[in-house]
Amino acid sequence: MAEAQFRTPKGTHDLLPEDHVFMTYIKKAVRHRARQAGYKRIETPLFENRAIFERGIGAHTDIVEKELFMVSSKHGTDDDSQPEFALRPEFTASICRSYVEHGMQQLPQPVELYAIGPCFRHDRPQKGRYRQFNQFNFEIIGLKDASLDAQLIQVLSRILEDLKILDRLCLQINNIGTAENRGAYVEALKDYFIGKERNLPDLDRKRLETNPLRLLDSKEEDTQILLKSAPTLEQFLNDESKAYHETVLEYLDELGIAYQPNPGLVRGLDYYTQTVFEYWDESTGAQNAVGGGGRYDPLIELLGGSNTPGIGFACGMERTVWQMKQAGIKPPNKDQVDVFVAQLGPEAKKTCLSLISQLRDSGVHTIGALGEASLKSQMRLADKFGVRYTLLLGQMEVKEGVIILRDMAAGKQKQIKFDTAVPAIIKLIGDKNLDTYMLKDHMGEEDG
RNA sequence: GCGAGAUUAGCUCAGUUGGUUAGAGCGUCCGGUUGUGGUCCGGAAGGUCAUGGGUUCAAGCCCCAUAUCUCGCCCCA
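Since the structure is predicted, the reported quantities are computational estimates derived from the model, not experimental observations. (Residues numbered from 1 in each chain as written. Chains lettered and ligands numbered in written order. Predicted model: local features only at pLDDT ≥ 70, side-chain atom pairs only at ≥ 80, totals over all residues. Heavy atoms only, no water.)

### A few points about the pattern of salt bridges
Pairing between side chains of opposite charge can happen when their charged atoms approach one another. Using the following cut-off: For salt bridges, the criterion is a side-chain nitrogen of Lys or Arg within 4 Å of an Asp or Glu carboxyl oxygen. A run of DSSP states H or I qualifies as a helix once it reaches four residues; a run of E qualifies as a strand once it reaches two. Both are numbered from the N-terminal end. Note on classification: 1.4 Å probe, protein chains only; a residue is buried when its accessible area is under 20% of the maximum for its type, exposed when over 50%, partly exposed between these limits.
Taken as a whole, this structure holds 12 salt bridges when the rule is applied. Of the charged contacts in the structure, one is a salt bridge between Glu48 and Arg97, with a shortest N-O distance of 2.6 Å. Placement of Glu48 in strand β2 (residues 47-49) and of Arg97 in helix α4 (residues 92-101) is noted, with a sequence separation of 49 residues between them. Its salt-bridge partner being Asp297, residue Lys144 comes within 2.9 Å of it at the nearest N-O pair. A residue pair is termed long-range when its members are at least 10 positions apart, and Lys144 in the loop between β6 (132-141) and α5 (146-162) and Asp297 in the loop between β10 (289-295) and α10 (299-302) qualify at 153 residues. Residue classification places Asp297 among the buried positions, given a relative accessible area of 14%. Taken together, the salt bridges that share partners define one network made up of Lys144, Asp149, Arg295 and Asp297.

### Comments concerning the pairing of strand β5 (residues 111-120)
Across a regular strand the side chains alternate sides, sitting on one face of the sheet and then on the other. Note the threshold: When DSSP locates at least two bridges between a pair of strands, those strands are taken to pair.
In terms of burial, β5 is largely enclosed, as 9 of its 10 residues are buried. Taken together, the 2 bridges between strand β1 (residues 40-41) and β5 define a ladder with parallel strand orientation. Residue pairing in the sheet places Lys40 in a bridge with Leu113 of β5. Examined bridge by bridge, β5 and β6 share 10 bridges and lie antiparallel to one another. The residue bridging Cys119 from the neighbouring strand is Phe133, located in β6.

### Observations regarding the packing of α5 against helix α9 (residues 239-255)
Condition: Angles here are taken between N-to-C directions and fall from 0 to 180 degrees, while the axes themselves are lines fitted to C-alpha atoms, restricted in helices to the stretch in contact. Our angle categories are set so that under 35 degrees counts as roughly parallel, over 145 as roughly antiparallel, 65 to 115 as roughly perpendicular, and the remainder as oblique. Each crossing gets its hand from how the near helix is turned against the far one by less than a right angle, where anticlockwise is left-handed and clockwise is right-handed. The contact criterion used throughout is that any non-hydrogen atoms of two residues lie within 4.5 Å.
Contact pair α5 / α9: the axes reach a minimum separation of 8 Å and the direction vectors enclose 45°. Looking at the two axes, α5 sits oblique to α9. Note on packing geometry: the crossing formed by α5 with α9 is right-handed. Contacts from Ala146, Ser147, Asp149, Ala150, Gln151, Ile153 and Gln154 of α5 reach α9 at Tyr244, Thr247, Val248, Tyr251, Leu252 and Leu255.

### Quick look at the packing of helix α12 (residues 346-361) against helix α15 (residues 421-429)
Selection rule: Only Asp, Glu, Lys and Arg are considered charged in this grouping, and only Ala, Val, Leu, Ile, Met, Phe, Trp, Tyr, Cys and Pro are considered nonpolar; every other residue, Gly among them, is considered polar.
The interhelical angle for the contact between α12 and α15, taken along N-to-C directions, is 35°, at an axis separation of 10 Å. In the crossing of α12 with α15, the sense of the turn from one axis to the other is right-handed. Contact with α12, carried on its side by Leu355, Gln358 and Leu359, involves Ala421, Val422 and Ile425 of α15 and no other residues of that element. Per-class residue counts for the contact of α12 with α15 are 5 nonpolar, 1 polar and no charged.

### Examining helix α1 (residues 17-36)
Applicable threshold: A helix's residues, less one, multiplied by 1.5 Å, set its expected span.
Between the first and last C-alpha of α1 there are 29 Å, a value that for 20 residues agrees with the 28 Å anticipated at 1.5 Å per step. Of the residues making up α1, those classed as buried are Phe22, Met23, Ile26, Lys27, Ala29, Val30, Arg31, Arg33 and Ala34. On its buried face, α1 is in contact with β1, β5, β6, α5 and α11 (317-326). Following α1 by one or two positions, Gly38 adopts a phi angle in the positive range, close to 80°.

### Some remarks on the nonpolar core
This is how it is decided: Residues belong to a common nonpolar core when they are buried Ala, Val, Leu, Ile, Met, Phe, Trp, Tyr or Cys residues joined through side-chain atoms within 4.5 Å.
Counting 48 residues, the largest nonpolar core has Phe53, Ile57, Ile95, Cys96, Ile141, Phe193 and Tyr271 as the members making the most contacts within it. Per-element accounting of this core gives the leading share, 5 residues, to helix α6 (residues 179-193). Once residues within four sequence positions are removed from consideration, Cys96 is found in contact with Ile141, Tyr296, Leu299, Ile300 and Leu303. Among the nonpolar cores identified, the runner-up in size contains 41 residues, and Phe22, Val155, Ile257 and Tyr279 belong to it.

Scope: geometric values only; no functional claims are made or implied.
In C-alpha cells, the structure reads:
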C-alpha cells in the first residue's frame, strides 16, 4: 500500500460517516426550531467581494486583518493586485448584503433568516478552531425590540437543549451600548491607565493602544486587579441602552432562560452594539464559546442600505459536536441495515438482484454480497453489519422456488416460499420501521 | 502571527546506552472438507519508522530544516 500522497489541507478535515451523523442531527434540530419560530432558510455564496467583510466586520479586527481567506478570480501569479474576493468568515455580513441587494426592507419586518454551512478563517488550527468549520446562524433584521433579543436567544437555547448540552453551558450577556458610548469609555479607560502602564503585562499594554475594550476580558491577573477600580463600560451607557438591557433581562426571566450578566463580555467585531451574548463552557476554563452573537444596528447602513436594526447569532457546529461527545450524547443511527442477502451460484445471484431491489423499494435497508465469496464469508459480513435477518438463496432454493430466512439474533432459520420473502420481512420489521418517504411531504428539507 | 510538545502498520501503541531481516494488540482479508455469522483456532496482507538534509563504520533512536497534528497565546465559532 502506497503512502497517502495527498491529505486534507491544513486545518481542514474529512467528515467521516461516524461523525457526519452528528452534523445531520444538529441540522435537524436547527431546522425544526427555525420552522417553529418562522425563520426562513437562506444560502449565500461561499465567497463574496472582500469589501463586504472588511467594511462590515471591521478592517482592524483579527478576522479581517489576519484570518480572511482570500480568493482571486484570476489564474496565475502574474497579477500582483489584491485578490477581489474572500471566503466568508461568518454569515452575518453576507446575509445583510443579501437583505440590501434584494430589497428585503419591502417585506414584512422583521425578516427572520437562518443559514447553515461552512465558513473559513485562515487561522492557526487548534482545538475547536479550524480553517473550514460549520456554523448555523440566525438573524432578525428590520425591527428592534428587546423582546426580539430575548426570543432570538431562546431559539439558540432551545436548540442547545434539544441537543442535550444546554446544562453544560452558561449564557453570558452584556450590553455594550452605542459606538459613541464605547468611544467615550475607551477615552476614560485610557486616561485611567495613564501612569499605570508599567503594571500591565506587555500584551495588555499593547491592547491599551490597539483595542482597549479587550482589556476587560483579559486573563492576566494583574490587569484584572487594576480593572477593579477602573471606570466601567456600564457607567458610560446612555439611558436608552441601560433601559434596553434591563428589559432584555426581564424578558429572559419571563422565558425562563438562565443567564449570567457579564460586564466584561466584549465581542470583537466592529458592528456590534447594545446586546451581546455568548454560550460558554465554563468547565474548560478557556472562554471557548460554542455560540454567540449580538445586535448590529449599524451594519446594514455600512453595507449601503438604509438605517436598519438587526440582531443575530452564530453557533459553531464542530464545537457543538465536541460538547455532545463530552456529554456522551449519541445521535440516533438511521443507517442500520435490516437485511442481508447471501447468495450462491450465478442463478441465485441474478435472482437476488431483483429481490434486493424489491426490499429496498419497500423501505427495508438491504445489502447483499454479490461477490464470489464463500457462504461463511458472507455470513461473517452479515454479522458485521449487525443485520436482524439474513436471506439465503442457493442453487437448490432457486430450483425449488424457496428461500431461507434466518433470524440472526435467535440463530434460527426456516425455509419459506420465495414469493413470500418480501412480505415476511416487512411483517417482521414492522410497517413503522420501514424507511419510505413521499417527496411531496418533505420538500427538499431533509438534506444539507 | 507567537511559543511548546509530538509524528513508527488502517487504529492504539512498544522498540533497551545508536548495533543484523521492524514488534504487539485491535481491525481487514482468507482458511478450519460438500452451503451458515457471533466465541475459538490457524494463516496472510499491510511500514522508504512524516519529508529532506547532516553526524557516524552503523540512525526508528543524535543534530538541522520543512510539513502536519496537538496544546497554549492572540482571537474567535
